[in-house]
Amino acid sequence: MYVSLPDKKVEFLKGVGPKKAAVLAKELNITTLAELLQHYPYRYIDKSRIHKVAEINDETVFYQLVGTIDGMQAHGGPRTTRITAWLTDDTGRLELVWFKGLSWVKTRFVAGRKYVIFGKATLFNGRYNIVHPEVDDYNPEDFTLGESLQGVYSTTESMKSAGLGTRVIAKLIKTALLQLEGAIPETLPKPILQSEKLVDRAEALLKIHLPSNSEDIHKAQYRLKFEEYFFFQLNILQSKKLREQQIKGHVFGKVGDLFNNFYYNHLPFELTNAQKRVIREMRADMGSGMQMNRLLQGDVGSGKTVVALMLMLLAADNGFQSALMAPTEILAQQHFQTISELLVNMPVEVALLTGSTKKTERNVLHKALKEGQLQILIGTHALIEDTVIFSKLGLVIIDEQHRFGVAQRARLYEKSTTPPHVLVMTATPIPRTLAMTQYGDLDYSVIDELPPGRKPIVTSHLYPQHRLRLISFMKKQIAEGRQIYIVYPLIKESEKLDLIALQEGYDALLRDFPEPDYRICVVHGKLSSEDKEFEMQRFVRGQAHIMVATTVIEVGVNVPNATVMIIEHADRFGLSQLHQLRGRVGRGADQSYCILVTDFKLTADGKARVQTMVETTDGFRIAEADLRLRGPGDTQGTQQSGMVQFRLGDLTKDEKIIRHVRTVVQELLTADPQLSAPENLRTKQEFEKLYQKTFDWSLIG
Ligand code: ADP
Ligand code: MG
């Protein structure tokens, strides 16, 4: 997200020109001075200091050295796997090591020339070396400019070969700053600058690039980060407010026969207090005349389905239809089955619509829907396509939201003049920072309590040589009447190999668990949907003891008799996937187990994920660990769904500041909803420019 500045083309900046401009545009998406100035350093080096080789004595320190490079050596036979070289200065020699970019390394250095080397020292076999150092040509001028801290900018190979290394970038930015002197406007309201003790914008931009000390950097970064979050929250909260005030929702005024009859006569268990509370929260929304937009978060197994059902009954009581959308066909089928069973002997018409619904059936269904004979429609996202016409759609529930993006959600609001109430349900706990950003436009309910009597799932980590022990454990569980899942990874890039691994695992399993004493079913994405369904059903009905599967079972299936979840190559799964998979067991009264199988060799991240799973079953802790390990861009596939990328903001670390900024913005909007006070005018203009929209602010009261 860029904040705006005078839109001067970078091409016309001294030292750029059309060629370099093209490279900047291609590599970093930089076309204007504003964008250039917001290419912030990712690190700073203290260039007042050039270390000597003899001084290196600490593994934790970054060193900057100047010297010549010689003695380059390639290792690993005909296919080089590693290159070492020696940096020599007047105090000694230091080994440099590369494992990657080897062809670049081979041609990078000219004998006798001096280079600046930067990197962290590591102690290896009793000697210090630097692995993958940063390399720059040595230019004595760089070290006499007078500033003690210099920003280091990310560059790419093509940028470097176009003469756009980090030092050139630094120079260009300096030129741009000089050129824009006095022309960088403030964007935040003065009172906020004062109360938050923020440096002004021009100063922040200057100091983030040309700091004199680390305090400068700190203040500049904080100010610019604050601004990023500020406008982001302003957008979310303002749209939310506008929607709440402008969009009239269907009013579900009464709790009628269907709801009550179900609650008193059909519900097979007592609702947990958390379930009751979230139903109340949503009833309040839907009865208010507002349009509900709510996120319902509840860990795997917390009982979201029945909550969804009761809300749909409430809709039906008020004469409205509901749609329940699931991300996969299997999950849709299972919802349909669960809900049909719960509604047995109740006068509610429920139907299933997925990609594999036959044409004739589909026609009948479309008609019933249009004429209002169907009250509940369950299916995949085919449900909200334009060809599906409801007579009176009042409520849309989206299960496992992470596959539905913000844009798809927005399409729902536009579906009719009075948009349906929207409930988004997720089993993956959402870290608070994401809840305040990615989902910041939704209200929020949490089921923070599991149905009673659940025993915590015992999770352990095994290596392949424990296989025999594992098999006898499985046999014991089967002898007690339990069922077992075995899940293999299946990743697009290595799909073929993955399928082979699954097939091999299946073959080995057949030897250990021979028919007819044991029955094993297999489910993976390459099966036709009939075959998949057939195999799933064998397991659901208890006709198969073991289900071997790829992650198609990730979401939703509910087989309370299954007590063992074995995950092969567990380190290859993401944390939230592992958590989802583990949630497939522990749904009945029996003790359940999750067994993570991995090779001995694990990456640091793989190990951290497995350890997290062994240590905790708390979805929140897992989600936060996930965010830490993967970074927000990756979490829950948000990349595809248009997740915002912040330039300085870091969702893994900024919970406190986001929360704070959100409050600041809330207070601002409360005090001056239309931002019409003189001190807020610049902020308003900036906001409109940033989001390229003009609001009719008078709509907000
Ligand atoms: P999820 O939130 O993961 O979608 P489900 O709705 O599938 O969870 O519920 C998990 C299991 O718990 C189901 O078998 C469901 O029937 C059961 N269940 C839900 N609510 C309760 C409750 N209040 N008491 C006992 N069992 C419940
Ligand atoms: Mg569910």
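(A) Examining the overall build of the chain more closely. Helices and strands together make up the secondary structure of the chain, namely 23 helices and 21 strands. Of all 701 residues assigned to the chain, the portion counted as buried reaches 53%. In the chain, the share of contacts with a sequence separation of at least 24, taken over all contacts with a separation of at least 6, comes to 74%. Total accessible area computed for the chain in this model is approximately 32100 Å², and 52% of it derives from carbon and sulfur atoms. One finds the centroid of the 87 positive side-chain charges in the chain at a distance of 2 Å from the centroid of its 82 negative side-chain charges.

(B) Spotlight on the site of ligand 1. The environment of ligand 1 is made up of 16 residues, and the closest members are E270, G301, K304, T305 and R454. Measuring from a nitrogen atom of ligand 1, one finds a backbone N or O atom of E270 at 2.8 Å. Relative to its unbound accessible area of 570 Å², ligand 1 is 82% covered by the protein chains. Taken together, the residues of the shell around ligand 1 break down into 4 nonpolar, 7 polar and 5 charged.

(C) Highlighting the packing of helix α19 (residues 575-582) against helix α20 (residues 604-615). It is the contact of α19 with α20, at a shortest axis distance of 10 Å, that shows an interaxial angle of 35°. In this structure, α19 crosses over α20, and the sense of that crossing is right-handed. On the side of α19, the interface is formed by L575, L578, H579 and R582, while α20 contributes R609, T612 and M613. When its residues are assigned to classes, the contact of α19 with α20 shows 3 nonpolar, 2 polar and 2 charged.

(D) Molecular detail of the sheet that holds strand β19 (residues 546-549). Taken in spatial order, the 6 strands of this open sheet run β16-β21-β20-β17-β19-β18, and their pairing is parallel. Edge positions in the sheet fall to β16 (458-462) and β18 (520-523), since each has one partner strand and no second. Recorded for the sheet is a direction-independent mean angle of 15° between the axes of neighbouring strands. Sheet topology note: the β16/strand β21 (residues 593-597) ladder contains 5 bridges and is parallel. Among the inter-strand pairings, S460 is bridged to a residue of β21, identified as I595.

(E) Region of interest: the pattern of salt bridges. Here the structure, examined in full by the defined rule, presents 27 salt bridges. Between K26 and E27 there is a salt bridge whose closest N-O contact spans 3.8 Å. With relative accessibility at 69%, the residue K26 sits in the exposed group. Residue R467 pairs with E568 through a salt bridge whose shortest N-O separation is 2.7 Å. Here R467 is found in helix α16 (residues 467-479), whereas its partner E568 is found in strand β20 (residues 562-568), with 101 residues between them in sequence. We classify R467 as partly exposed; its relative accessible area is 33%. Classification of E568 as buried rests on a relative accessible area of 6%. Three or more residues joined by partner-sharing salt bridges are found here, namely R277, E281, D285, R294 and D448.

(F) Fine view of the domain arrangement of the chain. According to the domain assignment, the chain consists of domain 1 (40-179), domain 2 (195-241 + 654-701), domain 3 (257-447) and domain 4 (458-616). Each of domain 1 and domain 2 was reduced to a C-alpha centroid, and the two centroids are 38 Å apart. Domain 1 puts 11 residues into the contact, and the matching count from domain 2 is 12 residues. Interface area, domain 1 with domain 2, both sides summed: about 960 Å², of which 70% is carbon and sulfur. Viewed at the interface, domain 2 and domain 1 are joined by 0 salt bridges. Seen at the junction of domain 1 and domain 2, the total is 2 residue pairs in polar contact (both at pLDDT 80 or more). Elements with a contribution of two residues or more to the side of domain 1 that touches domain 2: β8 (149-152) and α5 (166-179). If you tally residues by element for the side of domain 1 that touches domain 2, the top one is α5, at 3 residues.

(G) Examining the nonpolar core more closely. Ranked by internal contacts, the top residues of the largest apolar core, which has 49 residues, are F226, F230, L234 and L377. A per-element tally of this core places helix α8 (residues 214-246) first, with 8 residues. Built from parts of two domains, this core gets at least three residues from each of domain 2 (195-241 + 654-701) and domain 3 (257-447). Leave out the neighbours within four places in its chain, and L377 touches S322, A323, L324, A351, L352, L353, L365, L369, L383, V388 and F390. Judged by nonpolar contacts, the second largest core, of 43 residues, contains F252, M292, M310 and L423.

(H) Fine view of the environment of Q373. Residue position: Q373 is located in the loop between α13 (359-370) and β12 (376-379). Along the backbone, Q373 and P185 are 188 residues apart, and their C-alpha atoms lie at a distance of 60 Å. The contact partners of Q373, leaving out residues within four places of it in the chain, are E349 and A368.

What counts and what doesn't
- Residues numbered from 1 in each chain as written.
- Chains lettered and ligands numbered in written order.
- Predicted model: local features only at pLDDT ≥ 70, side-chain atom pairs only at ≥ 80, totals over all residues.
- Heavy atoms only, no water.
- Helix = DSSP H or I, 4+ residues; strand = E, 2+ residues; numbered from the N terminus.
- Buried < 20%, exposed > 50% of the residue type's maximum accessible area, 1.4 Å probe, protein only.
- Contact = heavy atoms within 4.5 Å.
- Areas by Shrake-Rupley, 256 points an atom, 1.4 Å probe, with all protein chains shown as cover.
- Lys, Arg positive; Asp, Glu negative; His and termini not counted.
- Charge placed at Lys NZ, Arg CZ, Asp CG, Glu CD.
- Near = heavy atom within 4 Å.
- Polar contact = N/O pair within 3.5 Å; in protein donor to acceptor, adjacent residues only side chain to side chain.
- Nonpolar A, V, L, I, M, F, W, Y, C, P; charged D, E, K, R; others polar.
- Axes fitted to C-alpha atoms, helices over the stretch in contact; angles between N-to-C directions.
- Left-handed = near helix turned anticlockwise from the far one by under 90°.
- Pairing = 2+ DSSP bridges.
- Salt bridge = Lys/Arg side-chain N within 4 Å of Asp/Glu carboxyl O.
- Domains from an automatic or database assignment.
- Buried area = accessible area lost by both parts, 1.4 Å probe.
- Core = buried A, V, L, I, M, F, W, Y, C linked by side-chain atoms within 4.5 Å.

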